[in-house]
Amino acid sequence: MKKVKFYPVKGYIDFQRNAISNIESFWEKEASKLEWFKHWDKVLEWEEPFAKWFVGGMLNASYLCVDKHLYSWHKNKVALYWEDEEGNTKAFSYFQLYREVNRFASMLKNLGVKKGESVVLYLPMIPELPIAMLATARIGAIHTVVFSGFSSKALADRINDTSAEVLITADLGRRRGKFIPLKEIVDEALKVAPTIKKVVVIKRTREDITIEEGRDFLYHELIKDAEDYVEPKPLESNHPLYILYTSGTTGKPKGVVHSTGGYLVYNYATYKWVFNISAESIYWCTADVGWVTGHSSIVYAPLLHGATVLMYEGTPDYPDPGVWWRIIEKYGVTIFYTSPTAIRMFMRYGEKWVKKYDLSSLKILGSVGEPINPEVWEWYYKHIGGERCPIVDTWWQTETGGIMISPAPGLELIPLKPGSATLPLPGIDAEVVDEEGNPVGAGIKGYLVIRNPWPGMLMGLYGDPERYKEVYWSRFQGTYYTGDYAMKDEEGYFWLFGRADEVIKVAGHRLGTAEIESSAVSAPFVAEAAVIGKPDPIKGEAIVVFAILKEGYKPEDNLKKEIINHVREQIGPIATPEEVHFVAKLPKTRSGKIMRRLLKAVIMDKPIGDITTLEDEASIEEVKSVYEEFKQMMKEV
Ligand code: WTA
């Protein structure tokens, strides 16, 4: 492995120590790089575990992402390029984006949306999605984007938690030459999500969508009455910018709430450090805007910096596995940010697809969402980056709001080590601890925690401060628990090993076992279900369901298929189970909790470990024999 550049270890350590011991002055300096309508009175109000950053300061996200650029040469440069899988394209200059955002904001106001209200955005990867987010922020409303790959149950659960009254959707989303009928999914969800009073539908190509009078409105009709300018509302720094739902360890998704000031300051600073982003960058993040990566990397951070963002509505291998490289060549992408799953897939297709295209515009490559295996890192470095581009393996979470552990080429800190996310960014006091919360030594696996507040951190979980305290701040006193396993090596570099809780990462997408279990159990013939993640060579993890059938049903293959389809229809294609196994009993503790760890040990052929709390040993024997039979069958196939 070539090191692109050696980083000054000593310099980093001093810099970091200084930042951590003076977090207020450190972050205040970063905050003053943004334009505020009113200066803050206090940098940090820390009532553990609730942080308020830049208290009393007034700003507006939409103003900073669009209006601000009208006063410089950025005004007529491209803010957003968009392309879909059929090759349709659009481009918006900052001025055009400003116009669109204002008109959208005016439409929201005409619909009666007020400051502090939630607006649900269930939209595919089309320019109207970032426009809607910025428009919502402009008037001080709070956007809740629901990933358009989620189906009706997942959508309904999220709507019900926010109690939003307005939802924006489209007639369809595109995927591999087919279309996803988003409006029909909304109709289905609204049967059980009654708070929504108004639905705005962005019509792309379909003529056959049904419109419910009084509830559904067509965007192109409403927008005719919109004004060209809406004043960006000055908002206090701790006014929520958005709620984004993420899967946790219960069936109910968590509404992670992010602030305006802290979130923007954190993302502005870290995208400079990590990606060295500037107005000259052509920045392409392949995530969907429906995930936190898309919020920070497609919308807020690049636009704050006046960069040119590329938004692509499509999959990595349709119409062929060269499509992403063609796009990099076509637009001269300088920063490319994707997931290990995608890179693993490209590795499998081979270099021939990459070689056809000129990727010499690339300067920095990023990876996010799951651990990247060293051999995949090497492939990415060599074949995509031509051994010129540092790879920033960025560790972060929906909750952290921005990148926490990563190389930082923008600070000339490029400690590359394939497979390691390297070092915490300045101001982030990350540590690896044991069960008691004590730091473990080098080379020992433990839990990743963060020991101080940072501006990007979540303000809490929507409507549930107790759950916020319990999930993140109760496991180890006074520290933020990430839910991840990690290790530090001799040089202090961090290595991430995936989740320590009941969260699975399928192709980098975060899914809770409990949410999938509750969907499986809602199939009419399923009595109980347990879901675990199984290592997958491409997707990182794949979903495996163990289910108990209700009386009178036989464990037949067609029922397995039905469970698979049922979960897929309810939650979405990303949650499609890979395997379903029927058992008569699930391994449980005496208090009735499913011991997923035992199921995992069986399918991974690992020692079962301690079973003193197991209620019935026969259950695990049954799982073993069912799984043995399955393996045998797979061999024969
Ligand atoms: C995992 C995505 C290893 C981790 C931004 C974390 C990673 C979860 C990395 C959050 C990385 C994210 N290396 N693991 N570079 N980045 N993760 O909320 O388990 O969708 O807790 O946010 O992804 O997933 P989320």
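The rules behind these values
- Residues numbered from 1 in each chain as written.
- Predicted model: local features only at pLDDT ≥ 70, side-chain atom pairs only at ≥ 80, totals over all residues.
- Heavy atoms only, no water.
- Helix = DSSP H or I, 4+ residues; strand = E, 2+ residues; numbered from the N terminus.
- Rg over C-alpha atoms; globule rule 2.2 N^0.38 Å.
- Buried < 20%, exposed > 50% of the residue type's maximum accessible area, 1.4 Å probe, protein only.
- Contact = heavy atoms within 4.5 Å.
- Areas by Shrake-Rupley, 256 points an atom, 1.4 Å probe, with all protein chains shown as cover.
- Lys, Arg positive; Asp, Glu negative; His and termini not counted.
- Charge placed at Lys NZ, Arg CZ, Asp CG, Glu CD.
- Near = heavy atom within 4 Å.
- Polar contact = N/O pair within 3.5 Å; in protein donor to acceptor, adjacent residues only side chain to side chain.
- Phe/Tyr/Trp six-rings, centres within 6.5 Å; stacked < 30°, edge-to-face > 60°.
- Lys NZ or Arg CZ within 6 Å of the ring centre and 35° of its normal.
- Axes fitted to C-alpha atoms, helices over the stretch in contact; angles between N-to-C directions.
- Parallel < 35°, antiparallel > 145°, perpendicular 65-115°, else oblique.
- Nonpolar A, V, L, I, M, F, W, Y, C, P; charged D, E, K, R; others polar.
- Core = buried A, V, L, I, M, F, W, Y, C linked by side-chain atoms within 4.5 Å.
- Domains from an automatic or database assignment.
- Buried area = accessible area lost by both parts, 1.4 Å probe.
- Salt bridge = Lys/Arg side-chain N within 4 Å of Asp/Glu carboxyl O.
- Pairing = 2+ DSSP bridges.
- Right-handed = clockwise from strand over helix to strand, strands pointing away.

Moving on: the overall build of the chain. A count of helical and extended segments in the chain gives 19 helices and 30 strands. Here the C-alpha atoms of the chain give a radius of gyration of 24 Å, agreeing with the 26 Å that 2.2 N^0.38 yields for 637 residues. For the chain, the spread of C-alpha atoms along the three principal axes comes to 70 × 65 × 55 Å. Within the chain, buried positions represent 61% of all 637 residues. Expressed as a percentage of contacts within the chain between residues at least 6 apart in sequence, the contacts between residues at least 24 apart total 71%. Summed over its atoms, the accessible surface of the chain is roughly 24700 Å², and 51% of this surface lies on carbon and sulfur atoms. On the chain, the mean spot of the 77 positive side-chain charges and the mean spot of the 86 negative ones are 3 Å from each other.

A few words now on the site of the ligand. Near the ligand there are 17 residues, and of these Asp-393, Thr-398, Asp-484, Arg-499 and Arg-510 occur at the shortest range. Between the ligand and the protein, one listed contact pairs a nitrogen atom with a backbone N or O atom of Glu-370 at 3.4 Å. Measuring from an oxygen atom of the ligand, one finds a side-chain N or O atom of Asp-484 at 2.7 Å. Considering the ligand on its own, with 530 Å² of exposed area, one finds that the protein chains cover 98% of that surface. Looking at the shell around the ligand, the elements that each hand over two or more residues are α10 (292-304), β20 (391-394) and β25 (494-499).

Okay, the environment of Thr-341 next. You can see Thr-341 is positioned in helix α12 (residues 340-349). Residues Thr-341 and Glu-370, spaced 29 residues apart in sequence, show a C-alpha to C-alpha distance of 8.2 Å. Each residue touching Thr-341, except ones within four places of it in the same chain, is listed here: Glu-370, Ala-507, Gly-508, Ile-538, Lys-539 and Gly-540.

A few words on the packing of aromatic side chains. Geometrically, a pair of aromatic rings is defined through the distance of the ring centres and the angle of the planes. Under the definition given, this model contains 42 aromatic pairs. Ring centres 5.8 Å apart and planes at 90° place the aromatic pair Tyr-263 and Tyr-300 in the edge-to-face group. Here Tyr-263, found in helix α9 (residues 261-275), pairs with Tyr-300, found in helix α10; they are 37 residues apart in sequence, far enough to count as distant. Residue Tyr-263 shares its accessibility class with Tyr-300, and that shared class is buried. Look at Phe-275 and Tyr-283: their rings are 5.2 Å apart centre to centre, the planes differ by 90°, and that puts the pair in the edge-to-face class. The positively charged end of Arg-158 is found above the aromatic ring belonging to Phe-150, 4.4 Å away from the centroid. A cation over an aromatic ring shows up here: Arg-475 above the ring of Tyr-447, its NZ or CZ 4.5 Å from the ring centre.

We now examine the packing of α12 against helix α14 (residues 374-384). Put simply, α12 and α14 touch, their axes get as near as 10 Å, and they point 75° apart. Here α14 runs roughly perpendicular to α12, going by the angle between their axes. Residue-level inspection shows Pro-340, Ile-343, Arg-344, Phe-346 and Met-347 of α12 in contact with α14, the latter providing Glu-375, Val-376, Trp-379 and Tyr-380. Of the residues contributing to the contact of α12 with α14, the split by class is seven nonpolar, no polar and two charged.

Next up on the list: the nonpolar core. The biggest cluster of nonpolar side chains holds 170 residues, and the ones touching the most others in it are Ile-168, Leu-264, Phe-275 and Tyr-300. A total of ten residues in this core trace back to one element, the largest contributor, which is α9. Excluding residues within four positions of it along the chain, Ile-168 makes contact with Phe-104, Met-107, Leu-108, Val-119, Val-120, Leu-121, Tyr-122, Leu-123, Val-200 and Ile-202. If you look at the next biggest cluster of nonpolar residues, it comprises 31 residues, including Trp-284, Trp-325, Trp-377 and Ile-384.

Further remarks concern the domain arrangement of the chain. Annotation of the chain at the domain level lists domain 1 (10-487) and domain 2 (502-636). In this structure, domain 1 and domain 2 have C-alpha centres spaced 32 Å apart. Across the domain 1 to domain 2 interface the summed buried area is about 1900 Å²; carbon plus sulfur atoms make up 53%. Together, Lys-153, Ser-247 and Trp-291 form the three largest contributors to the area buried by domain 1 at its contact with domain 2, with a combined 27%. Joining domain 1 to domain 2, the criterion identifies two salt bridges. Here Glu-515 ties to Arg-158 by a salt bridge, and the two come within 3.2 Å at their closest N and O atoms. Put simply, domain 1 and domain 2 have 13 residue pairs in polar contact (both at pLDDT 80 or more) between them. Elements supplying a minimum of two residues to the side of domain 1 that touches domain 2: α6 (152-162) and α12.

Judged by how many residues are buried, strand β19 (residues 364-368) sits mostly within the fold: five of five residues are covered. Burial along β19 is two-sided: the face carrying Ile-364, Gly-366 and Val-368 and the face carrying Leu-365 and Ser-367 are both buried. Judged from the four bridges that link them, β19 and β20 form a sheet pairing that is parallel. Bridge pairing links Leu-365 to Ile-391 in β20. Where the polypeptide runs from β19 across α14 and back to β20, its parallel neighbour, the crossover connection is right-handed.

Note that Asn-267 resides in helix α9. A distance of 3.3 Å separates the side chain of Asn-267 from the side chain of Ser-296, its partner in a polar contact. Apart from the residues lying within four places of it in its own chain, the contact partners of Asn-267 are Ser-296, Ala-301, Gly-401 and Gly-402.

To continue, consider the sheet that holds strand β21 (residues 430-433). With respect to topology, four strands assemble into an open sheet ordered β21-β22-β24-β25, the strand pairing being antiparallel. Two strands lie at the open edges of the sheet, namely β21 and β25, each paired on one side alone. Across this sheet, the average inter-strand angle for adjacent strands is 45°, counted without regard to direction. By the bridge criterion, four bridges tie β21 to strand β22 (residues 445-450) in an arrangement that is antiparallel. Directly across from Glu-431, in β22, lies its bridge partner Val-449.

Turning our attention to the pairing of strand β30 (residues 579-582). Here β30 shows a buried face lined by Glu-579 and His-581 and a second buried face lined by Val-580 and Phe-582. Here four bridges tie strand β29 (residues 540-549) to β30, and the two strands are oriented parallel to one another. Across the sheet, residue Val-544 finds its bridge partner in β30, namely Glu-579. In this region the chain leaves β29, passes through helix α17 (residues 557-570) and returns to the parallel neighbour β30; the handedness of that crossover is right-handed.

Before going further, it helps to examine the pattern of salt bridges. Overall, the coordinates contain 43 salt bridges when judged by the stated rule. We note a salt bridge from Lys-252 to Asp-161, for which the minimum N-O separation is 3.1 Å. One end of the pair, Lys-252, is in the loop between β14 (240-246) and β15 (254-259); the other, Asp-161, is in helix α6, and 91 residues separate them in sequence. Lys-252 sits in the partly exposed class, given a relative accessible area of 42%. Note on Asp-161: relative accessible area 18%, which makes it buried. In this structure, Lys-417 and Glu-491 form a salt bridge, with 2.6 Å as the shortest nitrogen-oxygen distance. Within this pair, whereas Lys-417 is found in the loop between β20 and β21, its partner Glu-491 is found in the loop between β24 (480-488) and β25, the two being separated by 74 residues in sequence. Its relative accessible area of 19% is what places Lys-417 among the buried residues. Salt bridges linked by common partners bring Lys-183, Asp-187, Glu-212, Arg-215 and Asp-216 together as one network.

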